[in-house]
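Topology and contacts: notes
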Protein chains: 2
Amino acid sequence: MKKPLILVTNDDGITAPGLRVLIHIMNKIGDVVVVAPDSPQSGMGHAITINDTLYLKKEKIDNGPQCEYSISGTPADCVKFAIREILDRKPDLCVSGINHGANSSINVIYSGTMSAAVEAGIEGVKSIGFSLLNYSWDANFKPCESYIYKICLTVLNKKESNIILNVNFPSITNKFKGIKVCRQAKGYWEDNYEKRISPLGKEYYWLTGKFINQDDRKDTDEWALKHGYVSIVPVSYDMTSNEGFNKMKEWIID
Amino acid sequence: MKKPLILVTNDDGITAPGLRVLIHIMNKIGDVVVVAPDSPQSGMGHAITINDTLYLKKEKIDNGPQCEYSISGTPADCVKFAIREILDRKPDLCVSGINHGANSSINVIYSGTMSAAVEAGIEGVKSIGFSLLNYSWDANFKPCESYIYKICLTVLNKKESNIILNVNFPSITNKFKGIKVCRQAKGYWEDNYEKRISPLGKEYYWLTGKFINQDDRKDTDEWALKHGYVSIVPVSYDMTSNEGFNKMKEWIID
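Rules and cut-offs
Residues numbered from 1 in each chain as written. Chains lettered and ligands numbered in written order. Predicted model: local features only at pLDDT ≥ 70, side-chain atom pairs only at ≥ 80, totals over all residues. Pairing = 2+ DSSP bridges. Helix = DSSP H or I, 4+ residues; strand = E, 2+ residues; numbered from the N terminus. Axes fitted to C-alpha atoms, helices over the stretch in contact; angles between N-to-C directions. Contact = placed C-beta atoms within 7 Å. Buried ≥ 20, exposed ≤ 12 C-beta atoms within 10 Å, placed from the backbone. Least-squares fit on C-alpha atoms with pLDDT ≥ 70 in both. Nonpolar A, V, L, I, M, F, W, Y, C, P; charged D, E, K, R; others polar. Core = buried A, V, L, I, M, F, W, Y, C linked by C-beta atoms within 7 Å. pLDDT = per-residue confidence, 0-100. Parallel < 35°, antiparallel > 145°, perpendicular 65-115°, else oblique. Left-handed = near helix turned anticlockwise from the far one by under 90°.

1. Some points on the sheet that holds strand E8 (residues 179-181) of chain B
Residue and element names in this part refer to chain B. Taken together, the nine strands give an open sheet; going across it, the order is E3-E4-E2-E1-E5-E6-E7-E11-E8, and neighbouring strands pair in mixed fashion. Strand pairing shows two members of the sheet lacking a second neighbour, strand E3 (56-59) and E8, which therefore form its edges. Pairs of neighbouring strands in the sheet enclose a mean axial angle of 20°, with direction left out of account. Where strand E2 (residues 31-37) and strand E4 (residues 67-71) come together, five bridges link them in parallel fashion. By the bridge assignment, Ala36 is partnered in E4 with Ser70. Across the sheet, helix H1 (residues 17-26) is in contact with strand E1 (5-9), E2, strand E5 (93-100) and strand E6 (127-132); its angle to E5 comes to roughly 145°. Seen against the sheet, helix H2 (residues 75-86) touches E1, E2, E4 and E5 and runs at an angle of roughly 135° to E2.

Shown next as structure tokens:
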């Protein structure tokens, strides 16, 4: 059987430990091409580079069999560029991550990791974003490995092509309780802006904040993660609100 | 009756003609505070600034009664900062635009204009993104004005708070045929990367591309716009795929 072609990317940049772990796992499954940002791109959402130039660089970071490139752009740029310019055929799977930090609930909107997966989905490529609820650069990705392996194999074996998954792992040292298929929990960030003064006396601000979960449903990703499960949210890029669509039919605008 | 408080933003930057038109219309409806990027932010998707500092500047661009600020960040940053740091109460409405260019179909994902509207929606603020299907800086926004006015008044008068609308105007010189409530059409960008050589001999790339509509349903935004209607897509930031959620319940992952 022909080996699957797997595109690997992330938003923490090509040297991030989470990406290196993901490459290692994918090398067991297929032919791996890595196209990742040359610098951290967290919080980039679905940004694409249209007002600036892009640089491509061939990389050799470890002794693995994968092909690697870095791009001076966003995660969505990496996926677009890989599919149009680097790969000689459409990949069988695109995986993004493993992100250092949560992409559950509303974080899917801000996430560079998930924007790469969504971009692949728009291109008709099955895709999965993986994130660990631990922001540390030295986080322990070990417990995620067997789960990532089996989730990828399962997705590769499915007939349908429109699969985009947002997979999050709780940050626990012992074993996960299992996998839950979930909905995106409703939540938001209670932001704070910390004001500081530059050495030249100019005011500037840093965004800080705290995630607020507004959702107590048991079928959400926040519930699953809080209770020690790996959460998988199937993602759609059709942002139409069906509820709004039905309600607005009765509106009179004048 | 108390005047509504309206937050105005965009992604083309605080001096963009489309924004100035929107401010002019909003001044007829309520008390207007403008918080917009200090430079163009097209294609920024839902990016937020977490690895860099933000600068705020009080602006005075014309003689209107509105209060104006520019921020060295993305459209989503502008909305977050306005709500947390500038406004003394939650605004009654957030409007974004008028964008110089289409945000119909899949463009909602890449759009800075719509990310500002979605960010306001996450914060529980009714919001509307407006876009004209004309990329020219000198585009004629005149035909949009009465529509924007009546759409905003209608939304302000609704009891429900979870309203996020993606409004697109066809680029026509005569009258619009009316308004259609639509679904986001399925489509994608057929990208091309144009390779060039810098004066120092380094290769670089520009993203170019062509939008491909894959959707012939008559209730989509692409259909409405093509046939001369103003399209309104009600937007949800819950990206859960209901179809995927139901299908995946039967998956066995091991």
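Once you've had a look at it, read on.
2. Some thoughts on the pairing of strand E7 (residues 164-169) of chain A
Residue and element names in this part refer to chain A. With respect to burial, E7 is a largely interior element, six of its six residues being buried. Both faces of E7 are covered, namely the face carrying Ile164, Asn166 and Asn168 and the face carrying Leu165, Val167 and Phe169. The pairing of strand E6 (residues 127-132) with E7 spans six bridges and is parallel. Directly across from Gly129, in E7, lies its bridge partner Asn166. Taken together, the four bridges between E7 and strand E11 (residues 230-234) define a ladder with antiparallel strand orientation. The residue bridging Asn166 from the neighbouring strand is Val233, located in E11.

3. Looking at the relation of the copies chain A and chain B
With an RMSD of 0.0 Å, the operation that places chain A on chain B is a rotation of 180° combined with a shift of 0.0 Å along the axis. The transformation just described matches what one would write down for a two-fold rotation axis. Most of the interface of chain A is mirrored in chain B, where 100% of its interface residues are also at the interface.

4. Considerations on helix H4 (residues 112-122) of chain B
Residues and elements named next belong to chain B. Burial analysis of H4 places eleven of its eleven residues in the buried class, which makes it a mostly covered element. Among all positions of H4, only Gly112, Thr113, Met114, Ser115, Ala116, Ala117, Val118, Glu119, Ala120, Gly121 and Ile122 are buried. Of the residues trailing H4, Gly124 is marked for its positive phi of about 80°.

5. A word on H1(B)
Of all ten residues in H1(B), seven are buried, a share of seventy percent or more. In this fold, the buried residues of H1(B) make contact with E1, E2, E5, E6 and helix H5 (145-156) of chain B.

6. Quick word on the interface of chain A and chain B
Tallying the contact residues gives 58 residues for chain A and 58 residues for chain B. Looking at the side of chain A that touches chain B residue by residue, the classes come out as 33 nonpolar, 15 polar and ten charged.

7. Some remarks on the nonpolar core
A general feature of soluble globular proteins is that nonpolar side chains tend to end up buried together. Judged by nonpolar contacts, the single largest core of 146 residues is most densely connected at Leu22(A), Val35(A), Val95(A), Leu22(B), Val35(B) and Val95(B). Filtering out sequence-adjacent residues up to four positions away, Leu22(B) remains in contact with Val8(B), Val95(B), Gly97(B), Ile98(B), Phe130(B) and Ile148(B).

8. Digging into the confidence of the model for chain A
With 99% of its residues at a pLDDT of 70 or more, chain A shows a mean pLDDT of 94. This prediction of the complex comes with two scores: 0.94 for pTM and 0.92 for ipTM.

9. Here we look at the sheet that holds strand E4 (residues 67-71) of chain A
Residues and elements named next belong to chain A. One open sheet accounts for nine strands, arranged E3-E4-E2-E1-E5-E6-E7-E11-E8; its pairing is mixed. The open sheet has two edge strands, strand E3 (56-59) and strand E8 (179-181), and neither has a second partner. Taking each pair of neighbouring strands and ignoring which way they run, the sheet shows an average axis angle of 20°. Strand contacts of helix H1 (residues 17-26): strand E1 (5-9), strand E2 (31-37), strand E5 (93-100) and E6, with the helix running at about 145° to E5, the strand carrying the most contacts. Most of the contacts of helix H4 (residues 112-122) go to E6, to which it runs at about 170°, and overall it touches E1, E5, E6 and E7.

10. What to know about the environment of Leu200(B)
Residue and element names in this part refer to chain B. Mapped onto the elements of the fold, Leu200 is located in the loop between strand E9 (187-197) and strand E10 (203-213). Look at Leu200 and you get exposed, because 5 C-beta atoms sit within 10 Å. Each C-alpha atom, one on Leu200 and one on Pro75, is 34 Å from the other, the two residues being 125 residues apart in sequence.

11. Quick word on the packing of H1(A) against helix H5 (residues 145-157) of chain A
Packed helices, taken two at a time, are described by the angle between their axes plus the distance between the axes. Residue and element names in this part refer to chain A. Interhelical geometry of H1 versus H5 gives an angle of 50° and a closest axis separation of 10 Å. Considered as vectors, H1 and H5 are oriented oblique to each other. As H1 packs across H5, the resulting crossing turns out to be right-handed. Together, Val21, Leu22 and Ile25 of H1 and Glu145, Ile148 and Tyr149 of H5 make up the contact between the two elements. Partitioned by chemical class, the residues of the contact of H1 with H5 number five nonpolar, no polar and one charged.

12. Examining the packing of H2(B) against H4(B)
Residues and elements named next belong to chain B. Interhelical geometry of H2 versus H4 gives an angle of 30° and a closest axis separation of 7 Å. The angle between H2 and H4 places the two elements in the roughly parallel class. In this structure, H2 meets H4 at a crossing whose hand is right-handed. For the pair formed by H2 and H4, the contact residues are Pro75, Ala76, Cys78, Val79 and Lys80 on the first element and Gly112, Thr113, Ser115, Ala116, Glu119 and Ala120 on the second. A per-class count over the contact of H2 with H4 returns six nonpolar, three polar and two charged.

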